[in-house]
Amino acid sequence: MKKYITKNYKDALDAYSSYIDFNPNDIGVLIKIARIYEQQQIIDGANFIYNRIVEIDPSHEIALQKLSNH
């Protein structure tokens, strides 16, 4: 997504959030949202998203690893 590449994080989050409203279990997009939160040092937001991913897929390695590191 171009907005993400240009570091326009707010617009990227807005676009991803709109998409997630219609596809709430899209783990790929949830990972992207969590990474944006991490880049912005919004760790609580990232953890919230990683926890959501674990609810969808309890064995998701990336989400479990990130939660253990935060």
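Student: Residues and numbers for the overall build of the protein, please.
Tutor: In terms of helices and strands, the protein carries five helices and zero strands. Tracing the protein from N to C terminus, the helices and strands come up as α-α-α-α-α. Within the protein, the proportion of its 70 residues that are buried is 31%. When the accessible area of the protein is evaluated, it comes to approximately 4,600 Å², of which 52% is carbon and sulfur surface.

Student: For the pattern of salt bridges, give the residues involved together with the corresponding values.
Tutor: Counting across every chain of the model gives three salt bridges. Of the charged contacts in the structure, one is a salt bridge between Asp14 and Lys10, with a shortest N-O distance of 3.0 Å. With Asp14 and Lys10 both in helix H2 (residues 9-22) and four residues apart, the pair spans about one turn of that helix. Among the residues examined, Lys10 registers a relative accessible area of 56% and is labelled exposed.

Student: So what's going on with the environment of Leu64? Residues and values would help.
Tutor: Within the element layout of this structure, Leu64 appears in helix H5 (residues 61-69). Here the alpha-carbon distance between Leu64 and Asp11, two residues 53 residues apart in the chain, equals 27 Å.

Student: Residue-level account of the environment of His70, with values.
Tutor: Of note, His70 is situated in the segment after H5. According to the relative accessible area criterion, His70 is partly exposed, its value standing at 38%. As for His70 and Asp44, which are separated by 26 residues in sequence, their C-alpha atoms are 9.0 Å apart. What His70 contacts, discounting residues up to four positions off in sequence, is Glu38, Ile43, Ala46, Asn47 and Tyr50.

Student: Which residues make up the side chain of Glu38, and what values do they have?
Tutor: Residue placement: Glu38 occurs in helix H3 (residues 27-39). Looking at Glu38, its side chain comes within polar contact range of the side chain of Tyr50, at 3.1 Å. Beyond its immediate sequence surroundings of up to four residues, Glu38 is in contact with Ala46, Tyr50, Lys66 and His70.

Criteria and thresholds
- Residues numbered from 1 in each chain as written.
- Predicted model: local features only at pLDDT ≥ 70, side-chain atom pairs only at ≥ 80, totals over all residues.
- Heavy atoms only, no water.
- Helix = DSSP H or I, 4+ residues; strand = E, 2+ residues; numbered from the N terminus.
- Buried < 20%, exposed > 50% of the residue type's maximum accessible area, 1.4 Å probe, protein only.
- Areas by Shrake-Rupley, 256 points an atom, 1.4 Å probe, with all protein chains shown as cover.
- Salt bridge = Lys/Arg side-chain N within 4 Å of Asp/Glu carboxyl O.
- Contact = heavy atoms within 4.5 Å.
- Polar contact = N/O pair within 3.5 Å; in protein donor to acceptor, adjacent residues only side chain to side chain.

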